[in-house]
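Geometric and topological summary
Spelled out, the chains give:
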Amino acid sequence: MGDTKAMPEARDGPAPHTIGGRHGHIYRKEGRQGGGALLASLALAAALLPASALAQPPATQDGPLEAQAGLIASGTSGTCTWEIDAAGNLVVRPTRGPSGTLDNAAQPWNQYVEDIRTARIEQSVVVPRSTFEMFAGCSQLVSADLSGLNTSNVTHMVGMFEDCSSLTSLDLSGFDTANVGLMSGMFYGCTSLESINLSSFNTANVHIMTGIFKDCTSLESLDLSGFDTSSVLYADDALAGC
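Residues numbered from 1 in each chain as written. Predicted model: local features only at pLDDT ≥ 70, side-chain atom pairs only at ≥ 80, totals over all residues. Heavy atoms only, no water.

Quick word on the nonpolar core
Among the nonpolar cores identified, the biggest contains 48 residues, and Trp-109, Phe-135, Phe-161, Leu-172, Met-186 and Phe-187 are the most heavily contacted of them. Those elements that place two or more of their residues in this core are β3 (80-85), β4 (89-94) and β6 (118-121). A total of 3 residues in this core trace back to one element, the largest contributor, which is β3. With residues near it in sequence (within four places) discarded, Trp-109 still touches Trp-82, Ile-84, Leu-90, Val-92, Leu-102, Ile-116, Met-134 and Phe-135. (Core = buried A, V, L, I, M, F, W, Y, C linked by side-chain atoms within 4.5 Å. Buried < 20%, exposed > 50% of the residue type's maximum accessible area, 1.4 Å probe, protein only. Helix = DSSP H or I, 4+ residues; strand = E, 2+ residues; numbered from the N terminus. Contact = heavy atoms within 4.5 Å.)

Re the sheet that holds strand β5 (residues 99-101)
What links the strands of a sheet is backbone hydrogen bonding, and the strands pair in either a parallel or an antiparallel sense. Read across the open sheet, the 3 strands follow the order β5-β7-β9; overall the sheet is parallel. A strand with exactly one partner marks an edge of an open sheet, and here the two such strands are β5 and β9 (149-150). Where strand β7 (residues 124-126) and β9 come together, 2 bridges link them in parallel fashion. Looking across to β9, one finds that Val-126 is bridged to Asn-150. (Pairing = 2+ DSSP bridges.)

Structural notes on the side chain of Thr-203
Examined against the element boundaries, Thr-203 turns out to sit in the segment after β11 (195-197). Apart from residues no more than four positions distant in its own chain, Thr-203 is found in contact with Met-183, Met-209, Phe-227 and Asp-228.

Some points on the packing of aromatic side chains
In the structure shown here, the tally under the stated rule is 8 aromatic pairs. Their ring planes at 15° and their centres at 5.8 Å tell us that Phe-135 and Phe-161 sit as a pair that is stacked. With Phe-135 in the loop between β7 and β8 (143-145) and Phe-161 in the loop between β9 and β10 (169-171), the pair connects residues that are 26 residues apart, well separated along the chain. Each of the two residues, Phe-135 as well as Phe-161, counts as buried. Here the aromatic rings of Phe-187 and Phe-213 are separated by 5.4 Å at their centres, their planes lie at 5°, and the arrangement is stacked. Placement of the pair is Phe-187 in the loop between β10 and β11 and Phe-213 in the segment after β11, with a sequence separation of 26 residues. Judged by relative accessible area, Phe-213 falls into the buried class, the value being 2%. The rings of Trp-82, Trp-109, Tyr-112, Phe-135, Phe-161, Phe-187 and Phe-213 are connected pair by pair, giving a single aromatic cluster. (Phe/Tyr/Trp six-rings, centres within 6.5 Å; stacked < 30°, edge-to-face > 60°.)

Describing the pattern of salt bridges
Working definition: two side chains of opposite charge can pair if their charged atoms are close together. Under the defined criterion, the tally for this structure stands at 2 salt bridges. As a salt-bridge pair, Arg-93 and Glu-122 come within 3.1 Å of each other at their nearest N and O atoms. Residue Arg-93 is found in strand β4, and its partner Glu-122 is found in the loop between β6 and β7; the two are separated by 29 residues along the sequence. Notably, a salt bridge pairs Glu-122 with Arg-120, separated by 2.7 Å at the nearest N-O pair. Of the residues examined, Arg-120 reaches a relative accessible area of 34% and is grouped as partly exposed. What you see here is one network of salt bridges that share partners, running through Arg-93, Arg-120 and Glu-122. (Salt bridge = Lys/Arg side-chain N within 4 Å of Asp/Glu carboxyl O.)

Next comes the structure, spelled out in structure tokens:
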């Protein structure tokens, strides 16, 4: 297969924004209307409009919200909320309660990869199936605290950190990978990565590891002693360029 990464099945993208509400119409009789009467009519019409017509349209799920003061962007994914502040810190947390579930489509912060400097997953954020390219292209990302990410249901981790070329260390010791079958290109192009903790990785069901560490040119050490490769079918270029 060379260094071709396995792609996950096609998924529907996030629903487009929709704007609801009713348009108010002001009718007037024939003839001229004085300025004061006109203003009074407009004020009365505004008072009669439902509150929903004057309110901001709600953000659709999995789409960006209007950026608040001090934020580059914010939005929702599934039952989680995310935001990137002016310093480039990405935070993802449950919208309500102790846990939340991300949408299974591409994450909406992928539109702002050049702005992200740090990433933090708070509390229990569940990934339903795939972390496909979750942080791919975040070339300015220097640190990632993913201790709140629940990966117990994940089957695809393809390209999760691809081209995170500024990361120097990564601790994934809290990851549950028991159900993961695809890890191709997971760390491909992490050219500054010196150390990575994969001590919790269960790879018994992984069958594709093509290019998993390809071009991790700065790795000083890599402990794969706990890797079970008995199910691996393809591991082309897994350590190429290291």
